[in-house]
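Understanding the architecture of this molecule
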Amino acid sequence: MKLILPLLASALLCVGMTAQAQDAALRKTLSERIPQLDKIEEVRPTPMAGLYEVRIGTDLFYTDAKGNYLIQGELIDTKARRNLTEDRINQLTSVDFSALPLKDAFTIVKGNGARKMAVFEDPNCGYCKRFERDLQKVDNVTIYLFLYPILSPDSAEKSRNIWCAKDRVQAWHDYMLREKAAPAASCDTAALQRNLAFGRKYKITGTPTLIFANNTRVPGAISAAEVEKHLSAQ
């Protein structure tokens, strides 16, 4: 037994060193051959023998053990019937609700406000307007509304006017529920730029995007009943 333990420790050390060497070799080869890949953040083996995942931010690529070939696409586990690339991106882009920058949102409290959710919305989003109408049926919730102007040139202007309004909640509801535009206003809109940066980091590509207190992320407009279902699961 005394002999086996040192041998196991030595074997594990060798495996670790081999993995580090593989990682370093792939980073070097790929960055030399494709300069755009000079900021590789992670290299790791996939379930497919001889295939490695190369990650830059939340962008995924695949390569062979020597870096001779690079694949940009989706890796599917046909036996499990799972999209491994999609699963991995979902993992990388998951948002910890407790880490949301709530100072960059305005707060809508309904009823006792006991339940919590966050929503990223563009004032020019038709689906958002439909969602807002359905959301009026949901009570006892605190909503953190992140203005996310990504859809059209004047989205930024409309978002600015709402963010700079004396009563942001009133200005938001006036526009989204009653088509009454907020008067022109100006103030510090750095929060809107931070929202855009946050969305790029976590690949929020459409509105509305909902994030619930249990970290569940839901893209797209859902019904009041579905919102209630997610709130009840928190």
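Since the model is a prediction, treat every value here as computed from it, not as a measurement.

In this section: the pattern of salt bridges. Scanning the model with the defined rule gives 16 salt bridges in all. Put simply, E53 and R88 hold a salt bridge, and the shortest N to O gap is 3.0 Å. In this pair, E53 sits in strand β2 (residues 51–56) while R88 sits in helix α2 (residues 84–92), placing the two residues 35 residues apart along the sequence. Since its relative accessible area comes to 4%, E53 is described here as buried. Accessibility expressed as a relative area gives 8% for R88, which makes it buried. With its nearest N and O atoms 3.0 Å apart, the salt bridge here joins D174 to R178. Here R178 and D174 lie together in helix α5 (residues 168–178), a separation of four residues that amounts to about one turn. Residue classification places D174 among the buried residues on the basis of a relative accessible area of 12%.

A separate point is the state of the cysteines. By definition, a disulfide is the covalent link that joins the sulfur atoms of two cysteine residues. The tally for this structure, following the rule as stated, stands at one disulfide. The partner cysteine of C164 in its disulfide is C187, sulfur to sulfur 2.0 Å. Across the S-S bond of C164 and C187 the torsion is about -80°, and the bridge reads as left-handed. Taken together, the positions of C164 in the loop between α4 (155–163) and α5 and C187 in the loop between α5 and α6 (190–201) put the pair 23 residues apart, joining distant regions of the chain.

A few words now on the sheet that holds strand β4 (residues 70–71). One open sheet accounts for four strands, arranged β1-β2-β3-β4; its pairing is antiparallel. The sheet is open, and its two edges are formed by β1 (42–45) and β4, each paired on a single side. Examined bridge by bridge, β2 and strand β3 (residues 59–64) share six bridges and lie antiparallel to one another. Within β3, the position partnered with I56 by the bridge is D59. Across the face of the sheet, α2 comes into contact with β1, β2 and β3 while running at roughly 135° to β3.

Calculation rules
- Residues numbered from 1 in each chain as written.
- Predicted model: local features only at pLDDT ≥ 70, side-chain atom pairs only at ≥ 80, totals over all residues.
- Heavy atoms only, no water.
- Salt bridge = Lys/Arg side-chain N within 4 Å of Asp/Glu carboxyl O.
- Helix = DSSP H or I, 4+ residues; strand = E, 2+ residues; numbered from the N terminus.
- Buried < 20%, exposed > 50% of the residue type's maximum accessible area, 1.4 Å probe, protein only.
- Disulfide = S-S within 2.5 Å.
- Pairing = 2+ DSSP bridges.
- Contact = heavy atoms within 4.5 Å.
- Axes fitted to C-alpha atoms, helices over the stretch in contact; angles between N-to-C directions.

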